[in-house]
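# Overview (structure and organization)
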Amino acid sequence: ALPILALSEARLHGFAIDEANLQRQLDHTHAHLERNQARYSAGEGTGGNADTAGYALWALAAGDRAADETTSAVTEYLLTWQSDDEHWSCTSHRPPSEASDFTTTYVSLYGVTFYGTDEQQARISARIQSVKGWLINAPTGDNEDRVFRLLALELVGAEADMISAAAELLSRQRGDGGWSQLDDQESDAYATATTLVALHRTGSLQATDDAYLKGLAYLLETQHVDGSWHVISRSNPFQTHYESGFPHGNDQFISTSASAWAVLALLPACPEAVADDVPAE
């Protein structure tokens, strides 16, 4: 999902991208949902549950995929899954991107908001209200929580609470310009980039503000010569490792996510005029 988000956003900023590669990723994402459409319709979902469904819909939305029977089945699943709770809960523990109820709630709510059918709108509205109450009162435990709490607060229209959530994130910027996933860890590209994107997309920070520029400086200083960012994995592996082709070995999947988020953080600071000079890779 995250490389799709990064490529789609880069294209919107005028950068030439590998269009065929982007379409392959979108087709792959949709095909995965379509193969499991019956399971989604039955309220069963797939591995990763709401995280898988929510991230997939977020990716398809970024790629401008139209709603269809498959996306309707997935939104129905999300509205049924954990429907007695105030919010969506993560069922995995692969930090940082698959270990936070705030992340799961955001991607799930984004998916049903973007792809929800007319018949589902009443339930979506009710879900928004329950999520809003939870977001306002729930404590956060790490940077991932704080980032996706801010993004979700904007999604549910809780403007007043966004101000304090953004201030808390800003207050945790390190002297090196970055942010850390956990308070006792050093800054890294994943935490820094997700924070910058959340603050910028919610209107809490402009790309010309000092804090944003310091964050960008940190990202540029930590980028590798191959264009990627390396972040050490915090997850305990429970699946056999396989190569995706991305650098950094056993850390390649969190590094892929961090690199995608870093691109999303850098794009708002890029003059649109340079886009015509950027060749396709």
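Scroll up a little and you will see the structure.
Here goes a summary of the coordinates provided. (Residues numbered from 1 in each chain as written. Predicted model: local features only at pLDDT ≥ 70, side-chain atom pairs only at ≥ 80, totals over all residues. Heavy atoms only, no water.)

Backbone geometry follows two general trends: most residues other than glycine have a negative phi, and most peptide bonds adopt the trans configuration. The step from proline 95 to proline 96 runs through a cis peptide bond, and the omega angle for that step is 5 degrees. Here proline 96 lies in the loop between helix 5 (69-80) and helix 6 (101-115). (Helix = DSSP H or I, 4+ residues; strand = E, 2+ residues; numbered from the N terminus.)

On to helix 2 (residues 19-35), then. For an α-helix, the turn length of 3.6 residues means that residues three or four places apart are oriented alike. Counted at 1.5 Å a residue, the expected span for helix 2 with its 17 residues is 24 Å, and the 24 Å between its end C-alpha atoms agrees. Residues of helix 2 that are buried: Leu22, Leu26, Thr29, His30 and Leu33. With its buried residues spanning 90 degrees around the axis, helix 2 presents them on a single face. In helix 2, those exposed residues whose orientation departs by more than 90 degrees from the buried face are Arg24, His28 and Arg35. Considering only its buried residues, helix 2 is in contact with helix 1 (2-12), helix 3 (37-41), helix 4 (49-62) and helix 5. N-capping of helix 2 is provided by aspartate 18, with a side-chain oxygen placed 3.2 Å from the backbone N of alanine 20. (Expected span 1.5 Å × (residues − 1). Buried < 20%, exposed > 50% of the residue type's maximum accessible area, 1.4 Å probe, protein only. Arc of directions from axis to C-beta. Contact = heavy atoms within 4.5 Å. Polar contact = N/O pair within 3.5 Å; in protein donor to acceptor, adjacent residues only side chain to side chain.)

With that out of the way, let us pick up the pattern of salt bridges. Considering all chains together, one arrives at 10 salt bridges under this definition. We note a salt bridge from arginine 11 to glutamate 19, for which the minimum N-O separation is 2.7 Å. Each of Arg146, Glu168, Arg172 and Asp183 takes part in salt bridges that share partners, so that together they form one network. (Salt bridge = Lys/Arg side-chain N within 4 Å of Asp/Glu carboxyl O.)

Remark: helix 2 packs on helix 4, axes separated minimally by 10 Å, with the N-to-C direction vectors making an angle of 140 degrees. In terms of axis orientation, helix 2 runs oblique to helix 4. Relative to helix 4, the crossing made by helix 2 is left-handed. Along the contact surface, helix 2 presents Leu26, Thr29, His30, His32 and Leu33, while helix 4 presents Thr52, Ala56, Leu57, Ala59 and Leu60. Per-class residue counts for the contact of helix 2 with helix 4 are six nonpolar, four polar and no charged. (Axes fitted to C-alpha atoms, helices over the stretch in contact; angles between N-to-C directions. Parallel < 35°, antiparallel > 145°, perpendicular 65-115°, else oblique. Left-handed = near helix turned anticlockwise from the far one by under 90°. Nonpolar A, V, L, I, M, F, W, Y, C, P; charged D, E, K, R; others polar.)

Summarising the element assignment, histidine 248 is placed in the loop between helix 11 (210-222) and helix 12 (252-266). A polar contact is formed between the side chain of histidine 248 and the side chain of serine 228, at a distance of 2.8 Å. Ignoring sequence-local partners within four residues, the contact set of histidine 248 consists of His224, Ser228, Trp229, His230 and Ser255.

Turning to the nonpolar core, a few remarks are in order. Core analysis: the largest hydrophobic core is formed by 77 residues, its most contacted members being Leu78, Phe148, Leu219 and Trp261. Among the elements that take part in this core, helix 4 stands out by supplying nine residues, more than any other. Setting aside anything within four residues of it in sequence, one finds leucine 78 in contact with Ala50, Ala53, Leu57, Trp88, Ser108 and Val112. (Core = buried A, V, L, I, M, F, W, Y, C linked by side-chain atoms within 4.5 Å.)

In this structure, leucine 79 sits in helix 5. Overall, leucine 79 belongs to the buried group, its relative accessible area being 7%. Counting along the chain gives 33 residues from leucine 79 to valine 112, while the straight-line C-alpha distance between them is 7.6 Å. Discounting residues that sit within four places of it in the chain, leucine 79 has contacts with Val112, Gln120, Arg123 and Ile124.

Under the defined criterion, the tally for this structure stands at 13 aromatic pairs. Ring plane angle 10 degrees and centroid distance 6.2 Å describe the contact between tyrosine 110 and phenylalanine 114, whose orientation is recorded as stacked. On the criterion of helical spacing, the pair formed by tyrosine 110 and phenylalanine 114 is a turn pair, its members being four residues apart in helix 6. Tyrosine 110 sits in the partly exposed class, given a relative accessible area of 22%. For phenylalanine 114, a relative accessible area of 42% puts it in the partly exposed group. Aromatic ring contacts, followed pair by pair, group Tyr55, Trp58, Tyr106, Tyr110, Phe114, Tyr115, Phe148 and Trp261 into a single cluster. The ring of tryptophan 88 carries the charged tip of arginine 127 above its face, separated from the ring centre by 4.1 Å. (Phe/Tyr/Trp six-rings, centres within 6.5 Å; stacked < 30°, edge-to-face > 60°. Lys NZ or Arg CZ within 6 Å of the ring centre and 35° of its normal.)

This part takes up helix 7 (residues 121-137). Here helix 7 spans 25 Å end to end across 17 residues, near enough to the 24 Å set by a 1.5 Å rise per residue. Among all positions in helix 7, only Ile124, Arg127, Ile128, Val131, Trp134 and Leu135 are buried. Down the axis of helix 7, the buried side of the element spans an arc of 135 degrees, and every buried residue falls inside it. Opposite the buried face of helix 7, at more than 90 degrees from it, the exposed residues are Ala122, Gln129 and Asn137. Considering only its buried residues, helix 7 is in contact with helix 5, helix 6 and helix 8 (143-155).

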